[in-house]
Amino acid sequence: MIDARLLDAVGSLVAAHTWAGHVPLIGVAGAQGSGKTTLARAAAKRLGAAHLSLDDVYLTKDEREAKGRAIHPLFAVRGPPGTHDLGLLEATVAALRAAGPDSRTPLPSFDKLADDRRPQADWPVFAGRPSAVLVDGWCLGATAQAEAELIEPINALERERDGQGLWRRAVNAELAGPYADLFARFDAILFLKAPSFDAVLDWRCEQEAELLGLALADLPPERRAGLAVFIQAFERITRHMLAGGVRADLTFALNLDRTVSPPACGRS
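The rules behind these values
- Residues numbered from 1 in each chain as written.
- Predicted model: local features only at pLDDT ≥ 70, side-chain atom pairs only at ≥ 80, totals over all residues.
- Heavy atoms only, no water.
- Helix = DSSP H or I, 4+ residues; strand = E, 2+ residues; numbered from the N terminus.
- Rg over C-alpha atoms; globule rule 2.2 N^0.38 Å.
- Buried < 20%, exposed > 50% of the residue type's maximum accessible area, 1.4 Å probe, protein only.
- Salt bridge = Lys/Arg side-chain N within 4 Å of Asp/Glu carboxyl O.
- Patch = residues over 30% accessible without salt bridge, like charges linked within 9 Å, V, L, I, M, F, W, Y side chains within 5 Å.
- Areas by Shrake-Rupley, 256 points an atom, 1.4 Å probe, with all protein chains shown as cover.
- Phe/Tyr/Trp six-rings, centres within 6.5 Å; stacked < 30°, edge-to-face > 60°.
- Pairing = 2+ DSSP bridges.
- Axes fitted to C-alpha atoms, helices over the stretch in contact; angles between N-to-C directions.
- Parallel < 35°, antiparallel > 145°, perpendicular 65-115°, else oblique.
- Left-handed = near helix turned anticlockwise from the far one by under 90°.
- Contact = heavy atoms within 4.5 Å.
- Nonpolar A, V, L, I, M, F, W, Y, C, P; charged D, E, K, R; others polar.

Peer 1: Please explain the overall build of the protein chain as it appears in this structure.
Peer 2: Scanning the protein chain for helices and strands turns up nine helices and ten strands. Against the compact-globule benchmark of 18 Å for 268 residues, the protein chain has a radius of gyration of 18 Å, which places it among compact chains. Once the C-alpha set of the protein chain is aligned to its principal axes, its extents read approximately 50 × 40 × 40 Å. Put simply, the protein chain has 268 residues, and 50% of those count as buried.

Peer 1: Can you walk me through the environment of Gln207 in this structure?
Peer 2: Within the secondary structure layout, Gln207 lies in helix α7 (residues 198-212). Separated by 43 residues in sequence, Gln207 and Leu250 place their C-alpha atoms 25 Å apart.

Peer 1: Is there a simple way to explain the pattern of salt bridges in this structure?
Peer 2: Between side chains of opposite charge, pairing is possible as soon as their charged atoms come close. In total, this model carries 18 salt bridges according to the counting rule given. Measuring nitrogen to oxygen at the nearest pair gives 2.7 Å for the salt bridge that ties Asp3 to Arg5. The partly exposed category is assigned to Asp3, whose relative accessible area is 21%.

Peer 1: Would you take a moment to explain a nonpolar patch on the surface for this structure?
Peer 2: Together, Leu113, Leu211, Leu212 and Leu214 make up a nonpolar patch on the protein surface, roughly 330 Å² of accessible area in all. Mapped onto the fold, Leu212 is located in helix α7.

Peer 1: Explain the packing of aromatic side chains to me, please; I cannot follow it from the model alone.
Peer 2: Aromatic ring pairs are defined here through the distance separating the ring centres and the angle between the ring planes. Taken as a whole and assessed by the stated rule, the structure comprises four aromatic pairs. Arranged with centres 5.1 Å apart and planes meeting at 70 degrees, the rings of Tyr58 and Phe110 form a pair that is edge-to-face. With a gap of 52 residues between them, Tyr58 in the loop between β2 (50-53) and α3 (61-70) and Phe110 in strand β4 (residues 110-111) connect regions that are remote in the sequence. Using a relative accessible area of 3% as the deciding quantity, one classes Tyr58 as buried. Judged by its relative accessible area of 5%, Phe110 is buried. Centroid distance Tyr179 to Phe183: 6.2 Å. Interplanar angle 70 degrees. Geometry classified as edge-to-face.

Peer 1: Would you take a moment to explain unusual backbone geometry for this structure?
Peer 2: Generally, phi is negative for residues other than glycine and the peptide bonds are trans, each holding for most cases. Positive phi values are uncommon outside glycine, yet Asp115 reaches one of about 55 degrees. The residue Arg258 is not glycine, and still its phi comes out positive at about 70 degrees.

Peer 1: Sorry if this is basic, but what is going on with the pairing of strand β7 (residues 133-137) here?
Peer 2: Successive residues of a regular strand alternate their side chains across the two faces of the sheet. Most of β7 sits inside the fold, with five of its five residues counted as buried. Side chains Val133, Val135 and Gly137 project from β7 onto one buried face, and the interleaved Leu134 and Asp136 project onto a second face that is buried too. The pairing of strand β1 (residues 25-30) with β7 spans five bridges and is parallel. Looking at β7, one finds that Leu25 is bridged to Val133. Taken together, the four bridges between β2 and β7 define a ladder with parallel strand orientation. Across the sheet, residue Ser53 finds its bridge partner in β7, namely Asp136.

Peer 1: What should I look at first to understand the packing of helix α4 (residues 86-97) against helix α6 (residues 166-184) in this one?
Peer 2: The geometry of a pair of packed helices is captured by two quantities: the angle between their axes and the separation between those axes. Where α4 contacts α6, the axes come no closer than 11 Å and their chain directions differ by 15 degrees. Relative to α6, α4 is oriented roughly parallel. Where α4 crosses over α6, the two elements pack in a sense that is left-handed. Judged by residue contacts, Leu86, Leu89 and Glu90 of α4 engage Pro178, Tyr179 and Leu182 from α6. When its residues are assigned to classes, the contact of α4 with α6 shows five nonpolar, no polar and one charged.

This is the structure we're talking about:
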């Protein structure tokens, strides 16, 4: 069950940024498995808002593979800044903000099991004009790191596949440039702060089990091992955000069971 304080907080942010002719754009940020998508979806239903996920605007598999060949092979792996179609996200937000009562706006959709974007004919459609646009994403509001922080690899993935730091510097440049520009256009961002990075693997395994229709205890060990490797691509930015490298209007600290540790914090 979603904590009512979180739903109320999203509602308060929407209300604070609603005025005649303006559809608020509100972000819900948090590490993988933190419950950000569940919160954003429930809040959208409660408020009559449209819900988008950063996970649904990944570049296509072919586009990521091409970027991997052109810049660094790790760009073929979805997730970090540089693997999203920000133009698609912004065009969808613009269409929703311009929508009228009879409009039908297609919302991008990504198939994680196929690791590719679904055909547009299969995208869900938002009917009418939304009260707000809610976007959830793991790195929303994240700030770029200083050059000195990029020198040393922080895990096996960076040591073995990015020894010279080309990939992490390219990701950081994306975060400092187009992603920062995108985040600045949000009216407000709410951040669900994980208790530590160690919690993320357990949360991500729960997500995977649900995606496969399994109980967590039935998730194959090799799948968990694969996820442990997969989340290394998210580790640097996640740790940076947990250490304060995020601009958010409201921060809620979470416990291991995702309950909220009061009180909420102001802008960070």
